[in-house]
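For reference, the chains in residue letters:
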Amino acid sequence: DTEVTQTPKHLVMGMTNKKSLKCEQHMGHRAMYWYKQKAKKPPELMFVYSYEKLSINESVPSRFSPECPNSSLLNLHLHALQPEDSALYLCASSQDSGGDYNEQFFGPGTRLTVL
Amino acid sequence: AQSVTQLDSHVSVSEGTPVLLRCNYSSSYSPSLFWYVQHPNKGLQLLLKYTSAATLVKGINGFEAEFKKSETSFHLTKPSAHMSDAAEYFCVVSPRNTGGFKTIFGAGTRLFVKA
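One structure accompanies this document, and this report is about it. Per chain, the residues get numbers from 1 upward, laid out in the order the sequence is written. Written order decides the labels, with chains lettered from A and ligands numbered from 1. Local features are withheld for residues below a pLDDT of 70 in this predicted model, meaning they are given only at 70 or higher, and side-chain atom pairs are given and counted only at 80 or more; totals for whole chains, interfaces and linings count all residues. Hydrogens and waters are ignored; side-chain quantities use all the structure's heavy atoms.

So, about the environment of Gly109 of chain A. Residues and elements named next belong to chain A. Strands here mean DSSP runs of E at least two residues long; helices mean DSSP runs of H or I at least four residues long; both are numbered from the N terminus. By the element assignment, Gly109 lies in the loop between β10 (105-106) and β11 (110-114). For the exposure calls, accessible area comes from a 1.4 Å probe over protein chains only, and a residue counts as buried if that area is under 20% of its type's maximum, exposed if over 50%, partly exposed in between. For Gly109, a relative accessible area of 6% puts it in the buried group. The spatial distance from the C-alpha of Gly109 to the C-alpha of Lys36 is 9.4 Å, given a sequence separation of 73 residues. The contacts of Gly109, once residues within four sequence positions are left out, are Gln6, Pro8, Lys9, Leu88, Tyr89 and Leu90. Should any heavy atoms of two residues lie within 4.5 Å, those residues are counted as being in contact.

If you want it as structure tokens, here you go:
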């Protein structure tokens, strides 16, 4: 299995809702990433789990909360989002995060709309 | 510090003619460099990567890139464009031994292919 899967494909939520995005890979990769991509812009790195250790982009608001239950799964918990958080959220994984096998494989993304 | 500059926001070529997408980088660390392609409303697909082996890197779909340390460049080329190559292309630097957290995307180059 050489895929990164993400669910749901689309999500519409209100500003008071709590929702979660899910990401899964079965390639034995030990690093997983969350990115946010606005229209016509490059992806921006939000979080990295590398060997289950979390690194955070400090510009990301606390209404986004990542969780890595195990090395194959990555969640992004959403709470009290704002309309400007509407974007494509991409998950990626890599075999490792610092050596010769750090190329990232991306999922198809979740298109999030916040009303 | 790391940075990636894609020198053209848009490139337009005719089908069957060569493609050149330009990328310059700077990195305080030994860099891994990548090119990714993104078709509309899709995730990102890895075209090729440079770590520290051969400076001329061959990728998928006939693309290749040459790492030139003296020019700090990693330009992407293809001898003959196909209509299906029309997409957004991102040059990415991910310095090695930094846990993936310093991954930086260029702003992207939109490739148009005319029939």
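It is worth spelling out the sheet that holds strand β7 (residues 64-70) of chain A at this point. Residue and element names in this part refer to chain A. On the basis of which strands lie adjacent, the open sheet formed by four strands has the order β1-β3-β8-β7 and antiparallel pairing. Each edge of the open sheet is held by one strand with a lone partner, namely β1 (4-7) and β7. Pairwise comparison of adjacent strand axes, ignoring direction, gives a mean angle of 20 degrees for this sheet. Strands are labelled as partners when DSSP assigns at least two bridges between them. Only C-alpha atoms enter the line fits that serve as axes; for helices the fit covers just the stretch in contact. Angles between N-to-C directions range over 0 to 180 degrees.

Only centres within 6.5 Å qualify two rings of Phe, Tyr or Trp (six-membered ring in Trp) as a pair; their planes then separate them into stacked at under 30 degrees, edge-to-face at over 60, and tilted for everything else. Scanning the model with the defined rule gives 13 aromatic pairs over all chains in all. Site record: aromatic cluster; members linked through ring pairs are Tyr33, Tyr35 and Phe106 of chain A together with Phe34, Tyr36, Phe90 and Phe105 of chain B.

Listed by partner, the interface residues are 26 residues for chain A and 23 residues for chain B. In this description, buried area is defined as the sum, over both parts, of the accessible area (probe of 1.4 Å) that is lost when the two are combined. Approximately 1800 Å² of surface area, both sides summed, lies buried where chain A meets chain B, with 53% of it carried by carbon and sulfur atoms. Counted as salt bridges are all cases of a side-chain nitrogen of Lys or Arg within 4 Å of a carboxyl oxygen of Asp or Glu. The interface formed by chain A and chain B includes one salt bridge. Of the charged contacts, one joins Glu103 of chain A and Lys49 of chain B as a salt bridge, the two residues approaching to 2.8 Å between their closest N and O atoms. N or O atoms within 3.5 Å of each other form a polar contact, as long as, within protein, one can give a hydrogen and the other can take it, and as long as residues adjacent in sequence are counted only when both atoms are side-chain atoms. Counting across the interface, chain A meets chain B through six residue pairs in polar contact (both at pLDDT 80 or more). Elements represented by at least two residues in the side of chain A that touches chain B include exactly β4 (31-37), β5 (44-50), β6 (53-56) and β9 (87-94) of chain A. For the side of chain A that touches chain B, the residue count by class is 12 nonpolar, 10 polar and four charged. Each residue gets one of three labels, nonpolar for Ala, Val, Leu, Ile, Met, Phe, Trp, Tyr, Cys and Pro, charged for Asp, Glu, Lys and Arg, and polar for the others, Gly among them.

Before going further, it helps to spend a moment on the pattern of salt bridges. A full pass over the atoms with the stated rule returns seven salt bridges over all chains. A salt bridge links Asp85 of chain A to Arg63 of chain A; its shortest N-O distance comes to 2.7 Å. Of this pair, Asp85 of chain A sits in the loop between β8 (73-79) and β9 while Arg63 of chain A is found in the loop between β6 and β7, placing the two residues 22 residues apart along the sequence. With relative accessibility at 2%, the residue Asp85 of chain A sits in the buried group. For Arg63 of chain A, a relative accessible area of 23% corresponds to the partly exposed category. With its nearest N and O atoms 2.8 Å apart, the salt bridge here joins Glu64 of chain B to Lys58 of chain B. Glu64 of chain B gets classed as partly exposed once you look at its relative accessible area, which sits at 23%.

In these notes, a set of buried Ala, Val, Leu, Ile, Met, Phe, Trp, Tyr and Cys residues joined through side-chain atoms within 4.5 Å is what counts as a nonpolar core. Trp35, Leu48, Phe74, Leu76 and Tyr89 of chain B are the most contacted members of the largest nonpolar core, which totals 26 residues. Here the element with the most residues in this core is strand β10 (residues 87-95) of chain B; it accounts for four residues. Beyond its immediate stretch of four places on either side in the chain, Tyr89 of chain B contacts Gln6, Leu21, Trp35, Tyr36, Val37, Leu47, Phe63, Leu76, Gly108, Thr109 and Leu111 of chain B. Formed by 22 residues, the second largest nonpolar core is a distinct cluster that contains Leu21, Trp34, Phe47 and Leu112 of chain A.

The subject of this paragraph is the environment of His75 of chain B. Residues and elements named next belong to chain B. Mapped onto the elements of the fold, His75 is located in strand β9 (residues 73-78). The class for His75 is partly exposed, based on a relative accessible area of 22%. When residues no more than four places from it in sequence are discounted, the contact partners of His75 are Leu7, Leu20, Leu21, Arg22, Cys23, Asn24, Trp35, Glu64, Ala65 and Glu66. A polar side-chain atom of His75 sits 2.9 Å from the main-chain amide nitrogen of Cys23.

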